[in-house]
Structures are given as structure tokens and as C-alpha cells.
Amino acid sequence: MSSGRPDYVDVVAVRDDRSAPAGETTVIRLLGLLPGHWPCLPEVRADRIRLRIALDAVTDPRAVSSAVSRALADSGLRGWSHDRG
């Protein structure tokens, strides 16, 4: 990209509640709540999900972070949170 920004952003979600569904189920729900046109490479563990989301001219890291936070607020993803660390 000519703007000097990275080509992707990594977003991490972590399971805060052991009774919440594991990462393998949660990643499907999470991806279903994000824009379908975002190219994404998920890395899934039982308690942690990392999404590597490709950026383009109209998708910036702030938009990705905001969309992921909104998705994680969905009741179907209760027990998971956005790891901003």
C-alpha cells in the first residue's frame, strides 16, 4: 500500500468465561458478524482467536477494531472480549 499503513491488522479475542463456547465455535459466529468482503485469516485456539484482516483503501485498523468490538457485544459471543493488549 502506498499510504505507509500495514497491509493487514491482527485482532485478538480471548475467552473470559470458561462456560462460553470454545474458539472453534466462536470464530464461526464472529466471522458471521463481520463484513463478508473482508479477507481474513483466522488462527483459533480454545481460549484465543486471532483474526488477520486485510486492509484496503476504505478499511482501516480503526474500522476493523470497531467492527470487532460491536460483534463481540453480540449476546451469542458472551464470554469473549477484544484483547487490546
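Residues numbered from 1 in each chain as written. Predicted model: local features only at pLDDT ≥ 70, side-chain atom pairs only at ≥ 80, totals over all residues. Heavy atoms only, no water.

Q: Mind showing me how you'd approach the pairing of strand E2 (residues 40-44) here?
A: In the case of a regular strand, side chains alternate between the two sheet surfaces. By the bridge criterion, 5 bridges tie E2 to strand E3 (residues 48-54) in an arrangement that is antiparallel. Bridge assignment links Glu-43 to a residue of E3, and that residue is Arg-50. In textbook terms, the turn of a hairpin is the stretch between consecutive antiparallel strands, and for E2 and E3 this stretch comprises 3 residues. (Pairing = 2+ DSSP bridges. Helix = DSSP H or I, 4+ residues; strand = E, 2+ residues; numbered from the N terminus.)

Q: I would appreciate a short explanation of the pattern of salt bridges in the present structure.
A: Pairing is possible between side chains of opposite charge, provided their charged atoms come close. For the structure on display, the rule yields 7 salt bridges. Residues Arg-52 and Asp-10 are paired through a salt bridge, measuring 2.8 Å at the closest nitrogen-oxygen approach. Here Asp-10 lies in strand E1 (residues 8-15) and Arg-52 lies in strand E3, a separation of 42 residues in the sequence. Take Arg-52: its relative accessible area is 27%, and that puts it in the partly exposed class. Between Asp-47 and Arg-18 there is a salt bridge, with its nearest N and O atoms 2.7 Å apart. Highlighted residues: Asp-47 in the loop between E2 and E3 and Arg-18 in the loop between E1 and helix H1 (23-33), separated in sequence by 29 residues. Linked through salt bridges whose partners overlap, the residues forming this network are Asp-10, Glu-43, Arg-45, Arg-48, Arg-50 and Arg-52. (Salt bridge = Lys/Arg side-chain N within 4 Å of Asp/Glu carboxyl O. Buried < 20%, exposed > 50% of the residue type's maximum accessible area, 1.4 Å probe, protein only.)

Q: Mind showing me how you'd approach H1 here?
A: The periodicity of an α-helix, 3.6 residues per turn, causes residues three or four places apart in sequence to face the same way. Burial in H1 covers these residues: Gly-23, Thr-26, Val-27 and Leu-30. Along the axis of H1, the buried residues cluster in a sector spanning 105°; they form a single face. Exposed positions of H1 whose direction lies more than 90 degrees from the buried face are Ile-28 and Gly-32. For H1, the elements touching its buried residues are E2, E3, helix H2 (61-72) and strand E4 (80-83). (Arc of directions from axis to C-beta. Contact = heavy atoms within 4.5 Å.)

Q: Could you clarify how one ought to interpret the pairing of E3 in this entry?
A: Inspection of the sheet shows E1 paired to E3 by 7 bridges, in the antiparallel sense. Bridge pairing in E3 links Tyr-8 to Ala-54.

Q: How should I be thinking about the nonpolar core in this particular structure?
A: A general trend in soluble globular proteins is that nonpolar side chains are found buried together. Residues Leu-30, Leu-34, Leu-51, Ile-53, Val-64 and Leu-72 are the most contacted members of the largest nonpolar core, which totals 19 residues. Where this core is concerned, the elements lending two or more residues are E1, H1, E3 and H2. Among the elements that take part in this core, H2 stands out by supplying 5 residues, more than any other. Those residues in contact with Val-64 that sit more than four places away from it in its chain are Val-9, Val-11, Trp-38, Ile-53, Leu-55 and Thr-59. (Core = buried A, V, L, I, M, F, W, Y, C linked by side-chain atoms within 4.5 Å.)

Read these as spatial facts, not as claims about activity.
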